[in-house]
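Survey of secondary and tertiary structure
Spelled out, the chains give:
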Amino acid sequence: MHVPVETVSADAYTVPTDSPEADGTFAWTSTTIIVVEVQGGGHIGLGYTYSDRSVAELIRGKLAECVHGRDVMDPPAAWRAMTRAVRNMGRDGLAATAISALDVALWDLKCKLLNLPLAQLLGRARDAVPIYGSGGFTTYSDDQLRSQLAGWVENDGCRWVKMKVGTQPDRDPHRVAVAKRAIGDRTLFVDANGAYSARQALMLAEIFMQEHDVRWFEEPVSSDDLSGMRYVRERQPLRMELAAGEYGYDIDYFRRMLDAGAVDVQQADATRCGGVTGFLLAAALCEAHHIDLSGHCAPALHLHMACAAPRFRHLEWFHDHVRIEHMLFDGAPAPDDGLIRPDLSRPGLGLDFKRSDAARFKA
Ligand SMILES: [Mg+2]
């Protein structure tokens, strides 16, 4: 059957954070989500990305034109057409986030036409996905840091939690000590968002590992510096893993990172790297490199595809996005004993957009 795409809509919503947030190289007080809806065959498919509001215009214009009339049953064909259509404007960055949201909406629509959950359509490698709590912003007081991290352990059963470091490197050993005390025997991860130099990263890695058993060092140096990441990875304590990949917009980005031996665990974000179609490509590449994959942010969007991806390690339960997903989408998952699992009674991503609740955030 050929079911044509009839309409495409996209709107941006800017949601203020619940307190100022910062990591090692960036600070923010709000987050913009672009929600896409694709209509065809009497159903509506839902997708979204975290990006700039200008992306909504790109989706409503050039990309809508590109997918209009195409077969809803073939999301990868639409994905290839969209990728070709943005060649001259630059495929990475904003355009990639726009394509990602539309691709997810097309997969969601296909699932709805078939009345299947996305995890089932793709084929499940697992029934549930482990999550790790993520936040611990460098703007937080010690009390805020303690209560947020302990909450993920006590309320959600997370085995691992991640905090930001790198804004004031001199204070990081103290902040890491505070965080470790708050989570007891659970494992602490740190994310520097590229804030350290290679030598600074190695000196701190020793302290973090020896004193606080930190097992995950994310972007110790800029993830654009592949040889720098490899340098740190090869010299940091053996029990500590190096991770990066959240700024990957295409398959070649992941190939270069993996070929460079820059990471122990590859991260990827489906809201940036091409939606379901792009995420599965990244997952196949990880499989071929014998490297685990970890999902970056947007947990409600990643849940079903994470069930399908081989070598999937865990999904980032990011404070900001968890808040927004629960505000805007019915069906956003709730953790149980450190896991989230797809609701197989609902088709697609299992999410319904709460349009009236979102209205006050419309950008
Ligand atoms: Mg990160």
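Note that the structure is predicted; figures quoted are calculated from it, not measured.

Basis of the calculations
Residues numbered from 1 in each chain as written. Predicted model: local features only at pLDDT ≥ 70, side-chain atom pairs only at ≥ 80, totals over all residues. Domains from an automatic or database assignment. Contact = placed C-beta atoms within 7 Å. Helix = DSSP H or I, 4+ residues; strand = E, 2+ residues; numbered from the N terminus. Nonpolar A, V, L, I, M, F, W, Y, C, P; charged D, E, K, R; others polar. Buried ≥ 20, exposed ≤ 12 C-beta atoms within 10 Å, placed from the backbone. Pairing = 2+ DSSP bridges. Axes fitted to C-alpha atoms, helices over the stretch in contact; angles between N-to-C directions. Core = buried A, V, L, I, M, F, W, Y, C linked by C-beta atoms within 7 Å. Arc of directions from axis to C-beta.

Here we look at the domain arrangement of the protein chain
The domain boundaries assigned to the protein chain delineate domain 1 (7–116 + 355–361) and domain 2 (120–353). With centres defined by C-alpha atoms, the gap from domain 1 to domain 2 works out at 22 Å. If you look at the interface, domain 1 gives 42 residues, while domain 2 gives 37 residues. Of all the elements in the fold, those that place two or more residues in the side of domain 1 that touches domain 2 are strand 1 (7–22), strand 2 (27–40), strand 3 (43–50), helix 2 (75–85), helix 3 (94–114) and helix 13 (355–358). By residue number, the principal contributor to the side of domain 1 that touches domain 2 is helix 3, which donates 12 residues. When grouped by side-chain class, the residues that make up the side of domain 1 that touches domain 2 number 21 nonpolar, 11 polar and 10 charged.

A few points about the environment of I291
Along the chain, I291 turns up in the loop between helix 10 (275–289) and strand 10 (292–295). Residue classification places I291 among the partly exposed residues on the basis of 19 C-beta atoms within 10 Å. It is 31 Å that separates the C-alpha atoms of I291 and T32, two residues lying 259 residues apart in sequence. The contact partners of I291, leaving out residues within four places of it in the chain, are L258, V263, V265, Q266 and C286.

Here's the deal with the sheet that holds strand 2
Overall, antiparallel pairing links the three strands, which are arranged 1-2-3 in an open sheet. For this open sheet the edge positions go to strand 1 and strand 3, each flanked by a neighbour on one side alone. The average undirected angle you get between the axes of adjacent strands in this sheet is 20°. In this structure, strand 1 lies alongside strand 2, joined through 12 bridges in antiparallel fashion. From the neighbouring strand, A10 faces strand 2, where its bridge partner is V36. Relative to the sheet, helix 1 (residues 54–67) contacts strand 1, strand 2 and strand 3, its axis offset from that of strand 1 by approximately 150°.

Comments concerning the pairing of strand 3
With six of eight residues buried, strand 3 lies mostly within the body of the structure. Here strand 2 pairs with strand 3 via eight bridges, running antiparallel. For I33, the partnering residue across the bridge sits in strand 3 and is Y50. Connecting strand 2 to the next strand, strand 3, in antiparallel fashion are two residues, including G41 with a positive phi near 60°.

Let's talk about the nonpolar core
I34, V36, I59, L102 and V190 are the most contacted members of the largest nonpolar core, which totals 113 residues. Ranked by residue count, the leading element in this core is helix 3, at 12 residues. Two domains share this core, each providing at least three of its residues, namely domain 1 (7–116 + 355–361) and domain 2 (120–353). With sequence-adjacent residues up to four places away left out, L102 is seen in contact with V36, V38, G47, I59, L63, V67 and M82.

Points about helix 8 (residues 226–235)
Those residues of helix 8 lying buried are M229, V232 and R233. Projected down its long axis, helix 8 shows its buried positions confined to an angular sector of 100°, all on one face. Exposed and facing more than 90 degrees away from the buried side of helix 8 are S227 and E234. On its buried face, helix 8 sits against helix 7 (198–212) and strand 8 (241–244).

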